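Report on the structure
As a plain string of letters, each chain reads:
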Amino acid sequence: MPPHYEHVRANGIKFRVWSAGEGDKLALCLHGFPEFSHSWRYQMPLLEKLGYRVWAPDLKGFGGSDAPTEVGNYRMDHLVEDVAALVDASGAKSLTLFGHDWGAFIAWNFAIQKKRPLEKLVILNVPHPGPTRKSFRDSKTGRPNWKQL
């Protein structure tokens, strides 16, 4: 099926999702900041050829997806729940999660929290949050080292 946009309601939000392919194997691609789903245009055809149904949503507040005005809606726990709800809405039996930049932070948290079964996790451009958090601390004081951020 050629790439097309569709709207998917998940976690009380209307997401605009760029979709390609069919089947029970979902490749869910989370974009970075300040991008939107179109960032995955070069990867989607390959993923489809590999047998995936590919969803690249505009994350909450980006592109054609809803943008709630309350700041609390953008806390990491809400963003992770958005991903879980998108997975549920897809009805897929297998999930490969891709994350780039800001989407990678969300993907890491989704995987660490084990929100849904995950076949594979592909992270682009962002290290694991645990060691990263430690590296941003001053070794003498233990406080955040803002020079590194």
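Our subject is the structure that appears above.
Because the structure is predicted, anything quoted here is derived from the model rather than measured.

Turning next to the nonpolar core. Ranked by internal contacts, the top residues of the largest apolar core, which has 23 residues, are Leu 28, Leu 30, Trp 55, Val 83, Leu 86, Leu 97 and Phe 110. Residue assignment for this core shows that the elements contributing at least two residues are β1 (4-10), β2 (13-20), β3 (25-30), α2 (76-90), β5 (94-100) and α3 (102-112). Broken down by element, the residue count for this core peaks at 7 residues, all from α2. Counting 11 residues, the second-largest nonpolar core is a separate cluster that includes Ala 20, Cys 29, Val 54 and Ala 56.

Within a pair of aromatic rings, the relevant descriptors are the distance that separates the centres and the angle that separates the planes. This structure, assessed with the given rule, holds 4 aromatic pairs. Plain terms: the ring middles of Tyr 5 and Trp 18 are 5.8 Å apart, the flat faces sit at 20° to each other, and that makes the pair stacked. Highlighted residues: Tyr 5 in strand β1 and Trp 18 in strand β2, separated in sequence by 13 residues. A residue is classified by how much of its surface remains accessible, and Trp 18, at 12% relative accessible area, is buried. Taken together, a centroid distance of 6.1 Å and an interplanar angle of 80° make the contact between Phe 33 and Phe 62 edge-to-face. With Phe 33 in the loop between β3 and α1 (44-49) and Phe 62 in the loop between β4 (53-57) and α2, this residue pair connects regions lying 29 residues apart in the sequence. We note Arg 16 situated over the ring of Tyr 5; from NZ or CZ to the ring centre the distance is 4.1 Å. Geometry around Tyr 52 places Lys 25 over its ring, the cationic atom sitting 4.4 Å from the centre.

Looking now at empty space enclosed by the protein. Any space left empty among the atoms is revealed by the rolling of a water-sized probe across them. What the rule picks out here adds up to 1 cavity of 30 Å³ or more. What the largest cavity holds in volume is close to 30 Å³. Forming the boundary of the largest cavity are Phe 15, Leu 59, Lys 60, Leu 79, Asp 82, Val 83, Leu 86 and Ile 106. In terms of residue count, the dominant contributor to the lining of the largest cavity is α2 (4 residues).

The side chains of a regular strand alternate between the sheet's two faces. Sheet topology places β5 next to strand β6 (residues 120-124); 5 bridges connect them, and they run parallel. Within β6, the position partnered with Gly 99 by the bridge is Ile 123. Handedness of the crossover joining β5 and β6 through α3 is recorded here as right-handed.

By secondary structure assignment, the location of Asp 77 is in helix α2. Owing to a relative accessible area of 37%, Asp 77 belongs among the partly exposed residues under this scheme. Side-chain polar atoms of Asp 77 contact the side chain of Arg 75, separated by 2.9 Å.

Basis of the calculations
- Throughout this description, residue numbers start from 1 for each chain and increase along the sequence as written.
- Local features are withheld for residues below a pLDDT of 70 in this predicted model, meaning they are given only at 70 or higher, and side-chain atom pairs are given and counted only at 80 or more; totals for whole chains, interfaces and linings count all residues.
- To obtain the side-chain values, all non-hydrogen atoms of the structure were used and water was disregarded.
- Definition of nonpolar core: a set of buried residues of the types Ala, Val, Leu, Ile, Met, Phe, Trp, Tyr and Cys, connected through side-chain atoms within 4.5 Å.
- For each residue, the accessible area found with a 1.4 Å probe, counting protein chains only, is set against the maximum for its type, and the residue is called buried under 20%, exposed over 50%, and partly exposed in between.
- Only DSSP runs of H or I covering at least 4 residues are called helices, and only runs of E covering at least 2 are called strands; the numbering of each starts at the N terminus.
- Stacked, edge-to-face and tilted labels apply to pairs of Phe, Tyr and Trp rings (six-membered ring for Trp) whose centres lie within 6.5 Å, assigned for plane angles under 30 degrees, over 60, and everything in between, in that order.
- Both a distance and an angle decide whether a charge sits over a ring: NZ of Lys or CZ of Arg must be within 6 Å of the ring centre and within 35 degrees of the ring normal.
- We place a 1 Å grid over just the protein atoms. Points where a 1.4 Å probe fits but has no way out form a cavity, open points with protein on both sides within 12 Å along at least 5 of 7 lines form a pocket, and any residue with an atom within 4 Å of a point lines it.
- Grid points are joined across faces, edges and corners, and a volume is the space filled by probe spheres set on the points.
- Strand pairing requires that DSSP identify at least two bridges connecting the strands.
- Crossover handedness is defined here as right-handed if the route from the first strand over the helix to the second strand goes clockwise, with the strands pointing away from the viewer.
- Side-chain atoms alone can form a polar contact between residues adjacent in sequence; in general such a contact is a pair of N or O atoms within 3.5 Å, and within protein one must be able to donate a hydrogen while the other accepts it.

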